[in-house]
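Descriptive analysis of the structure
Below, each chain spelled out in residue letters.
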Amino acid sequence: MKKLYTILVFIFCVTIATAQTKHKESRDKIKALKVAYITEQLNLTTQEAEKFWPVYNEYDKNNHDLRSKLRHEIKKTRKNKGDSITEKEAEALVKLKLSTDKQIYESHKKFIAKIKKVISFKKIIQLQVAEMEFGRKLMKRYKRRKMEKK
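Everything numeric in this text was worked out from a predicted model, so none of it was measured.

Comments concerning the environment of Lys69
- Position of Lys69 among the secondary structure elements: in helix α3 (residues 46-81).
- Here Lys69 falls in the exposed class, since its relative accessible area comes to 53%.
- Distance in space between the C-alpha atoms of Lys69 and Leu96 is 9.7 Å, their sequence separation being 27 residues.

Structure follows, in C-alpha cells:
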C-alpha cells in the first residue's frame, strides 16, 4: 500500500511538473518529486523520515546556496566583461570554485555525521545513488520536453 501511494504521488508530481509554471513553482514541484523519489528509493519508515528530512533539507539548502553563490559570481563577471575576462579575474573565479567545492565537501561530511544516526550506511549509499538517478531522470525529461517544443 505504501509503495502504491508513493508511486501515485510520484506520478501526480511528474504530471504537475510538466505544466509550464513560474520558476519558483517549478522548483517547488521538482523538490516534491525529489522527496517522493528519495522516500521511495530509501523505503524510509515514518520514524526515519521524521528525523531524516529536516537534516537532509538543511544540507540540501546549504549546498544549493553555495552553488548559487558561485553561479552568481561567474555570471556577474561574465556579464560585466563578456568572454574577455582578465587572467586575474579568471584566477579569482577558479579560487572561488575551489573554495566552494571545499565547503560542499565539508557540508557533506557534516551531513554524513548527522544522518548516520538516523539511517544505516547502506541507506546513505542508496541516497547518493537515488540523488544521481533523480538528476539523470530530471535532465532526460527536460531534454525530451525541450525537443518536443522545437
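Overview of the pattern of salt bridges
- With the rule as written, the count across this model stands at 9 salt bridges.
- Between Asp101 and Lys97 there is a salt bridge; the shortest N-O distance is 2.8 Å. With Asp101 and Lys97 both in helix α4 (residues 87-115) and 4 residues apart, this pair spans about one turn of that helix.
- Among the charged side chains, a salt-bridge network with shared partners connects Lys31, Lys34 and Asp60.

Here's the deal with the nonpolar core
- Residues Ile38, Phe52 and Tyr56 are the most contacted members of the largest nonpolar core, which totals 18 residues.
- For this core, the secondary structure elements donating two or more residues are α2 (23-42), α3, α4 and α5 (121-149).
- A total of 6 residues in this core trace back to one element, the largest contributor, which is α3.
- Those residues within four positions of Phe52 in sequence are excluded, and the remaining contacts are Ile38, Leu42, Leu44, Ile115, Val118, Ile119 and Leu127.

Criteria and cut-off values
Residues numbered from 1 in each chain as written. Predicted model: local features only at pLDDT ≥ 70, side-chain atom pairs only at ≥ 80, totals over all residues. Heavy atoms only, no water. Helix = DSSP H or I, 4+ residues; strand = E, 2+ residues; numbered from the N terminus. Buried < 20%, exposed > 50% of the residue type's maximum accessible area, 1.4 Å probe, protein only. Salt bridge = Lys/Arg side-chain N within 4 Å of Asp/Glu carboxyl O. Core = buried A, V, L, I, M, F, W, Y, C linked by side-chain atoms within 4.5 Å. Contact = heavy atoms within 4.5 Å.

Everything listed here is a matter of coordinates, which is why it stays silent on function.
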